[in-house]
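# Working through the structure, step by step
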Amino acid sequence: MRRKIIEFREVSFRYEDEGPWVLKNCSFEIYENEWVAIIGHNGSGKSTIAKLMNGLLFPQEGEIYINGEQVNQESIWDIRKEVGMVFQNPDNQFVGTTVQDDVAFGMENRGFPREVMVKQIEDSLQAVGMHAYRQTEPHRLSGGQKQRVAIASVLAIAPKVLILDEATAMLDPKGRTEIMNTVSKVQENKKLSLITITHDLREVVQAERVIVMNAGVIWDEATPREIFTKKDELRKIGLDVPFVAILADELVQAGIAIHDEPLNHEELLEDLWTLHSKM
Amino acid sequence: MDITFKDVSYIYQENSPFAHKALDNISFHITSGSFVAIIGHTGSGKSTLLQHLNGLVKPTKGEVTIGDYHLSNDKKIRNIKELRSKVGIVFQYPEHQLFEETVEKDIAFGPENFGVEKSEIQSRIQEILPAVGLPKEMLERSPFDLSGGQMRRVAIAGVLAVKPKVLVLDEPTAGLDPRGQKEIMDMFYDLHQKQGLTTVLVTHSMEDAVKYADHVIILNKGNKYMEGKPEEVLSDQKALNKVNLDVPEMIQFLLAFEKRFGMKIPYERQSVQKLAVQMQHLLKGAES
Ligand SMILES: Nc1ncnc2c1ncn2[C@@H]1O[C@H](COP(=O)(O)OP(=O)(O)OP(=O)(O)O)[C@@H](O)[C@H]1O
Ligand SMILES: Nc1ncnc2c1ncn2[C@@H]1O[C@H](COP(=O)(O)OP(=O)(O)OP(=O)(O)O)[C@@H](O)[C@H]1O
Ligand SMILES: [Mg+2]
Ligand SMILES: [Mg+2]
């Protein structure tokens, strides 16, 4: 059995006392060495969940546990050391005057030894293709460069829980794939719990499990393959399915009996190949 | 409005040890009424280029012409306010253009600044809200207490409220949910056609570039790398790979299909449905 790292127990949250509930009775668990994607329409509560996970917000109802410890005013300092997060807008998290200071900051806070820090700064900036900019002031970077640096800063720490809130939204698809491959390697090596909040359907496919939010409620929780069979329902709640899933559907309509929901080009081609050789 | 870049270079922090050339001798022409997509890897100069279009920055070298407005380093820009009332920019990060206490004030700020009457502003707001997918209740809220995608919608509404002639969009669908991405792009396209706008779109979505643009410019490290018809430029996998980009997903699939089955299906902006039928014919045909 894998170790439980995050647990939401019947969590409800609202930003103002008399305001509308933004999260309603949400319960879920996330395990060690697991990649979970959270998807949902704009305003469905994804970023709010992320902020509850590292104690930037506290629920009015229900409980949240990180690594066995309940998130509350007393525990947040410990918990924030275990939870690394990249915000939707990286401007909100830059603290250093240069890119490398910024990457160093999180490690300093966590008491990393100097030699480790130096190596981690090098490695993580290389990994996101931003090493040449290590002396640059963060606010002088392009939109995508800012996201790359923000990701380098959490990769350097490799916290037990790594939350990326639309952290690659400003990258081109190729850059996005490269960065996510890097992140995924760190996740596997260090057995981290990786939570990616994203509108990119191709990125969702890479996760082990998907939590689908709709208007503050957990609408579904399953593997990407299971989720993407619910095309029409997903479209009703503002979402969609990836290109391969749409193509597979159209192929079935056209009379080609694709059997399993393919998740990527290779799977679909493999399936077609098998069918083809039987034709 | 016609847009011309003539030998434009832009250097950040010129004459300092940190000088950085973000645009390097770029020339191109955009005909009034066209829809142009600008594509390039991280840091290739796209946002810098866009900021020239309403005089937020002036070229370090060369000249930019937008309709009758000329921007160059040695001249002070005349009628900058008038230019800004005609060229609306949706910035890459919506937070960079939100600043009022309420969503309503934020959307009204632009048109008020350009002297549009109160009643006209109100009617524009009523029209724009549903177009960007925002409920009326949102008007009283602070734009900073919204979700990322909601902020994006407010930022777009603020630009549309000015009714610009040139629409400049810097990754306008980043942060929108899948339905929002499609609805908002369709809405821009509709406006583009109905009001005869000139539209300049920076996007990472090759799909959107092929779908909406009639011309595409590829930037690489501050240089113009390619320019032409979207379906031609964006299907050149070799050339795009060289500058760290990739072809649209459907073309990737067609190439993989060809490799596996030895059968070529040409890319002609076909629908997925059409593609499925083409594949069905090929696979069935190959059997008999
Ligand atoms: N600081 C705040 N004060 C009041 N309401 C807020 C605040 N931040 C978010 N909200 C509201 O809470 C709801 C959930 O917001 P949240 O940011 O969690 O959505 P999200 O799923 O991350 O959306 P997006 O995809 O647009 O980023 C939204 O309706 C939003 O307007
Ligand atoms: N304010 C600034 N000061 C100094 N250099 C800057 C500044 N803004 C951008 N640059 C640099 O200029 C180059 C071009 O940046 P620009 O923002 O135009 O890129 P972009 O193509 O929009 O990239 P992205 O896709 O990441 O948004 C980058 O190398 C960037 O680091
Ligand atoms: Mg969010
Ligand atoms: Mg940019």
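Below you will find a few notes about this structure. Because the structure is a prediction, the values reported are computed rather than measured.

Cut-offs used in this document
- Counting restarts for each chain, with residues numbered from 1 along the sequence as it is written.
- Chains carry letters and ligands carry numbers; both start at the beginning, A for chains and 1 for ligands, and go up in the order they are written.
- Only residues with pLDDT of 70 or above have their local features reported here, since the model is predicted, and side-chain atom pairs are shown and tallied only from 80 upward, although totals for entire chains, interfaces and linings are computed over all residues.
- Values shown for side chains rest on all heavy atoms present in the structure; no hydrogens or waters enter the calculation.
- Throughout, the term near means that a residue has one or more heavy atoms lying within 4 Å of the molecule or strand in question.
- In protein, a polar contact requires one atom able to donate a hydrogen and another able to accept it; more generally it is a pair of N or O atoms within 3.5 Å, and residues adjacent in sequence count only if both atoms are side-chain atoms.
- Computed with the Shrake-Rupley method and a 1.4 Å probe, the accessible areas treat only the protein chains shown as cover for residues.
- Each helix is a run of DSSP H or I of at least 4 residues and each strand a run of E of at least 2, with the numbering of both proceeding from the N terminus.
- In this scheme, a helix's expected span is set at 1.5 Å multiplied by one less than its residue total.
- Only protein chains enter the area calculation, which uses a 1.4 Å probe; residues under 20% of their type maximum are buried, those over 50% are exposed, and those in between are partly exposed.
- Only heavy atoms enter the contact rule, under which two residues are in contact if any of them lie within 4.5 Å.
- The rule for donors is simple: N, O or S, within 2.8 Å of the metal, or within 3.2 Å if the metal is Na, K or Ca. Water isn't counted, so a site may look like it is missing partners.
- Under the scheme applied here, ten amino acids are nonpolar (Ala, Val, Leu, Ile, Met, Phe, Trp, Tyr, Cys and Pro), four are charged (Asp, Glu, Lys and Arg), and all others, including Gly, are polar.
- Values labelled buried area give the accessible surface lost by two parts on being combined, using a 1.4 Å probe and summing over both.
- Throughout this description, the term salt bridge denotes a Lys or Arg side-chain nitrogen within 4 Å of a carboxyl oxygen of Asp or Glu.

### As for the site of ligand 1
Ligand 1 sits among 21 residues. The nearest are Lys46 and Thr48 of chain A together with Ser147, Gly149 and Gln150 of chain B. Two or more chains meet at ligand 1, and those chains are chains A and B. Here Asn42 of chain A contributes a side-chain N or O atom positioned 3.0 Å from an oxygen atom of ligand 1. Gln150 of chain B is positioned such that a nitrogen or oxygen atom in its side chain is 2.6 Å from an oxygen atom of ligand 1. Alone, ligand 1 offers 640 Å² of accessible surface; in the complex the protein occludes 89% of this.

### As for helix α6 (residues 178-194) of chain B
Residues and elements named next belong to chain B. If you check α6, its first and last C-alpha atoms are 24 Å apart, about what 17 residues at 1.5 Å a residue would give, namely 24 Å. Taken as a whole, α6 has its buried residues at Pro178, Gly180, Ile184, Met185, Met187, Phe188 and His192. Contacts made by the buried residues of α6 are with β3 (35-40), α4 (118-131), α5 (148-160), β7 (166-170), β8 (198-202) and α7 (206-212). Downstream of α6 by a residue or two, Gly196 has a phi angle that is positive, lying close to 55°.

### Description of the coordination of the magnesium ion (ligand 3)
Protein-derived ligands of the magnesium ion (ligand 3) are Ser47 of chain A (OG) and Gln88 of chain A (OE1), with the metal-ligand distances lying across 2.0 to 2.5 Å. Taken as a pair, Ser47 of chain A in helix α1 (residues 46-53) and Gln88 of chain A in the loop between β6 (83-86) and α3 (99-109) lie far apart in primary sequence, 41 residues in all.

### Some remarks on the site of ligand 2
Taken together, 18 residues are adjacent to ligand 2, and Ser142, Gly144 and Gln145 of chain A together with Lys46 and Thr48 of chain B come closest. One chain alone does not account for the residues near ligand 2; they come from chains A and B. At a separation of 2.5 Å, an oxygen atom of ligand 2 approaches a polar side-chain atom of Thr48 of chain B. A distance of 2.8 Å separates an oxygen atom of ligand 2 from a polar atom in the side chain of Gln92 of chain B. When ligand 2 is considered free in solution it has 630 Å² of accessible area, and contact with the protein chains removes 92% of it. Mapped onto the shell around ligand 2, the elements with two or more residues apiece are α5 (143-157) of chain A together with β2 (20-30) and α1 (46-52) of chain B. For the shell around ligand 2, the class distribution of residues is three nonpolar, 13 polar and two charged.

### Some thoughts on the interface of chain B and chain A
Contacts between chain B and chain A engage 48 residues on the former and 49 residues on the latter. When chain B packs against chain A, close to 4,200 Å² is buried across both sides, 61% of that on carbon and sulfur atoms. Among the residues of chain B in contact with chain A, Tyr93, Glu249 and Arg260 of chain B are the three that bury the most area, contributing 16% of the side total. The tally of links from chain B across to chain A stands at two salt bridges. The residue Arg260 of chain B makes a salt bridge to Glu270 of chain A at a minimum N-O spacing of 3.0 Å. Run the count over chain B and chain A and you get 19 residue pairs in polar contact (both at pLDDT 80 or more).

Treat this as a map of the structure, not an account of what it does.
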